[in-house]
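As a plain string of letters, each chain reads:
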Amino acid sequence: MKSKLGIEVIDAHAHFMTAGSMKAWSQRGRSMTSFAKRTQTRTDMKSIEFPGDDFDAGQKWVNELDRYGVSSVGFMIGPETYDEFIEVRRRFPGYFLGYINIQPSDQDAPKKIRKAAEDGFYGVKLYPSSWRDIHVYDEQLYPIYEEVKRQKMVVFCHFGVSIGGEADLRSGNPIDIQIPARDFTDVNFIIAHFGAGWFREVLLMQYQTDNVYMDSSGSNVWMKYLPQDLTIRDVFRYALRAGGPNKILFGTDSTFFPRGFRYNILEEQFNALQSLKKNGLIDDEGIQMIFSENHKRLTGYKPRE
Ligand SMILES: [Zn+2]
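Note that the structure is predicted; figures quoted are calculated from it, not measured.

*Asks:* Pulling in residues and values, what's your account of the overall build of the protein?
*Replies:* Scanning the protein from N- to C-terminus turns up 11 helices and eight strands. Relative to a compact globule of 305 residues, whose C-alpha radius of gyration would be 19 Å, the protein shows 18 Å and is just as compact. Referenced to the eigenvectors of the C-alpha coordinate spread, the extents of the protein come out at roughly 50 × 45 × 40 Å. Taken across its 305 residues, the protein has 42% of its residues classed as buried. For the protein, long-range pairs separated by at least 24 residues make up 78% of all intrachain contacts whose partners lie at least 6 apart in sequence.

What follows is the structure in C-alpha cells.
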C-alpha cells in the first residue's frame, strides 16, 4: 500500500494509549500540571485529550492510518494495554504490531517475552534512561537477550533524554549497547530517536557494530540541546554517512489524541530525504528502506497491502 507521499510507510515506533492506560498514567507519578509544563516547553504537543470510557483507540488509529495511507504502526505495549492491544489487532488485521515493554528488574521478564512471542509480538522495548543503577550491559539483562534471540525479536532501546522527569541518564548512554551487541550478534538493537542527544555515540556504534540501528521517531527536539546547529536533514546525512540507508527505521513516536498520527513528522523527514536525494546522498531504494523495508527485514512483519 502506498501512502499519500507515494511510498509504502510503516511507522516503526509509536505508543498505544487506551482510556484505561491514560487514566492510570495520569494518576501515576508527577501531577498533570508538571507534565503539561514539561511537554509545553519540550514537545510540539499543545493539549491531550482525556478520553471517556467509550474511547475506541483501535478505531481512532485505523482512521488515522487510512487517512494518510500509512500501512502499519508498531506500538510499545505495557501490561496495562496488553490485552486491549491484542483485541484491537484482531479487529483490524495488518494495521498494528506490538513490542512489549520489559523491565530488567522483572524476574519473569524472559517468561513474558516468550508469552509475547506466542501472542504475535515482534520485539521488546527497553527504556534504560528510566532505570536506576542498572545498565543494558549488566548480566541481569542477559536472560532477556537470550530469550529475544530465541524468539527472533528485535530490541528497541530508548537512551538519551526523556520527557519523564524521573529519568536517570547515567543509564542513558547508547555506548552501553556495544557489549550486548557484541555478545548477541544475532539480535538487532534499534536505538530510538537517533539516541535522543547521544547522536555521536549512535554514529560511533555504526563503526563498532553491525547490529545497532536507529529509529528516526519523534520531533527530535534533542537537536536543540547540542552546541551545534543541526536540522533533521543534517541528522539523516550523518546517519547515512555512518551507517547507510539500511540502518535507519522511520518512526513518529505518535501517542496522544487529538494529535493522532504525526503526519508533520512523516512529511518533514520525507522532504529532508528528498533533498538529500537531490544531492546524490541517497536514492529511491534507500528512501524506501528507511520508510518500510528495513522494518520488514528486521522484524519479518508483513503490513497490510
Ligand atoms: Zn517512544
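From this point on, the discussion continues.
*Asks:* Tell me about the packing of helix H5 (residues 109-118) against helix H6 (residues 142-150), and name the residues and values.
*Replies:* As a packed pair, H5 and H6 sit with axes 9 Å apart at the nearest point and diverge in direction by 15°. Relative to H6, the element H5 lies roughly parallel. The two elements H5 and H6 cross, and the hand of that crossing is right-handed. Taking contact as the criterion, the partners of Ala109, Pro110, Ile113 and Arg114 in H5 are, on H6, Pro143, Ile144, Glu147 and Val148. For the contact of H5 with H6, the class distribution of residues is six nonpolar, no polar and two charged.

*Asks:* Go over the sheet that holds strand S1 (residues 10-15), please, and point to the residues and values.
*Replies:* Pairing in this open sheet of eight strands is parallel, and the strands run S1-S2-S3-S4-S5-S6-S7-S8 from one edge to the other. One side of each edge strand has no neighbouring strand; the edge strands of this open sheet are S1 and strand S8 (248-249). Taken together, the four bridges between S1 and strand S2 (residues 72-77) define a ladder with parallel strand orientation. In the strand pairing of S2, Asp11 is matched with Val73.

*Asks:* Break down helix H9 (residues 232-243) for me, with residues and values.
*Replies:* Helical geometry: 3.6 residues make up each α-helical turn, so side chains three or four residues apart lie on a common side. With 12 residues, H9 should reach 16 Å at 1.5 Å per residue; the first-to-last C-alpha distance of 16 Å fits that figure. Buried within H9 are the following residues: Val235, Phe236, Ala239 and Gly243. Projection of H9 onto a plane perpendicular to its axis shows the buried side chains occupying an angular sector of 95°, all on one side. Buried residues belonging to H9 abut helix H8 (199-208), strand S7 (212-215), S8 and helix H10 (263-278). Directly beyond the C-terminal end of H9, a positive phi value near 85° is found at Gly244.

*Asks:* Which residues make up the nonpolar core, and what values do they have?
*Replies:* Among the nonpolar cores identified, the biggest contains 78 residues, and Val124, Val155, Cys157, Phe189, Ile190 and Ile191 are the most heavily contacted of them. Contact partners of Ile191, with chain neighbours within four places excluded, come to Cys157, Phe159, Pro174, Val202, Val212, Tyr213 and Met214.

*Asks:* Help me get a handle on the packing of H9 against H10, residues and values and all.
*Replies:* Running from N to C, H9 and H10 cross one another at 60°; their axes reach a closest spacing of 9 Å. If you check the angle between H9 and H10, you find them oblique. When you trace H9 past H10, the crossing you get is right-handed. Across the interface between the two elements, Ile232, Arg233, Phe236 and Arg237 of H9 pack against Glu268, Gln269, Ala272, Leu273, Ser275 and Leu276 of H10. Partitioned by chemical class, the residues of the contact of H9 with H10 number five nonpolar, two polar and three charged.

*Asks:* Break down the pairing of S7 for me, with residues and values.
*Replies:* Residues of S7 alternate between two faces, with Val212 and Met214 on one and Tyr213 and Asp215 on the opposite face, all of them buried. After leaving strand S6 (residues 188-191), the chain enters H8 and then returns to the sheet as S7, a path that is right-handed. Sheet analysis places S7 next to S8, joined by two bridges and oriented parallel. By the bridge assignment, Asp215 is partnered in S8 with Leu249. As a crossover connection, the stretch from S7 through H9 into S8 is right-handed.

*Asks:* Requested: an account of H5, with residues and values cited.
*Replies:* Residues Ala109, Lys112, Ile113 and Ala116 constitute the buried set of H5. Down the axis, H5 shows its buried residues gathered within 100° of arc, on one side only. Pointing more than 90 degrees away from the buried face of H5 are the exposed residues Lys111 and Glu118. Among the structural elements, strand S3 (96-101), strand S4 (123-126) and H6 are those in contact with the buried residues of H5. Positive backbone phi, approximately 85°, marks Gly120, located one or two places after H5.

*Asks:* Which residues make up the pairing of S2, and what values go with them?
*Replies:* Most of S2 sits out of view: six of its six residues are buried. Both S2 and S3 contribute to a ladder of five bridges, which runs parallel. If you follow Ile77 over to S3, its bridge partner there is Ile100. In this fold, the crossover linking S2 to S3 by way of helix H4 (residues 82-91) has right-handed handedness.

*Asks:* Break down the environment of Asp138 for me, with residues and values.
*Replies:* Looking at where Asp138 falls in the secondary structure, it is placed in the loop between S4 and H6. When the C-alpha positions of Asp138 and Ser275 are compared, they lie 41 Å apart, and in sequence the two are 137 residues distant.

Rules behind the numbers
Throughout, residues of each chain are indexed from 1 in the direction in which the sequence is written. The model is predicted, so local features are restricted to residues of pLDDT at least 70 and side-chain atom pairs to those at 80 or more, both for listing and for counting; the totals for chains, interfaces and linings are taken over all residues. Going along the chain from the N terminus, every DSSP run of H or I of four or more residues is numbered as a helix, and every run of E of two or more is numbered as a strand. What the globule rule says is 2.2 Å times the number of residues to the power 0.38, and the radius of gyration is computed from C-alpha atoms. With C-beta atoms placed from the backbone, a residue is labelled by how many other C-beta atoms lie within 10 Å of its own: buried for 20 or more, exposed for 12 or fewer, partly exposed between the two. A pair of residues counts as a contact when their C-beta atoms, built from backbone coordinates, are separated by no more than 7 Å. Between the N-to-C directions of two axes lies an angle of 0 to 180 degrees, each axis being a line fitted to C-alpha atoms and, for a helix, fitted only over the stretch in contact. These descriptions rest on fixed angle ranges, namely under 35 degrees for roughly parallel, over 145 for roughly antiparallel, 65 to 115 for roughly perpendicular, and the rest for oblique. Here a crossing is taken to be left-handed if its near helix is turned anticlockwise relative to the far helix by less than a right angle, and right-handed if that turn runs clockwise. Asp, Glu, Lys and Arg are counted as charged, while Ala, Val, Leu, Ile, Met, Phe, Trp, Tyr, Cys and Pro are counted as nonpolar; the rest, among them Gly, fall into the polar class. Only when DSSP finds a minimum of two bridges between them are two strands counted as paired. How far a helix is expected to stretch is found by multiplying one less than its residue total by 1.5 Å. The directions considered for the arc run from the helix axis to the C-beta atoms. By our criterion, buried Ala, Val, Leu, Ile, Met, Phe, Trp, Tyr and Cys residues that link up through C-beta atoms within 7 Å make up a nonpolar core. Seen with its strands pointing away from the viewer, a crossover is right-handed if its path from the first strand over the helix to the second goes clockwise.

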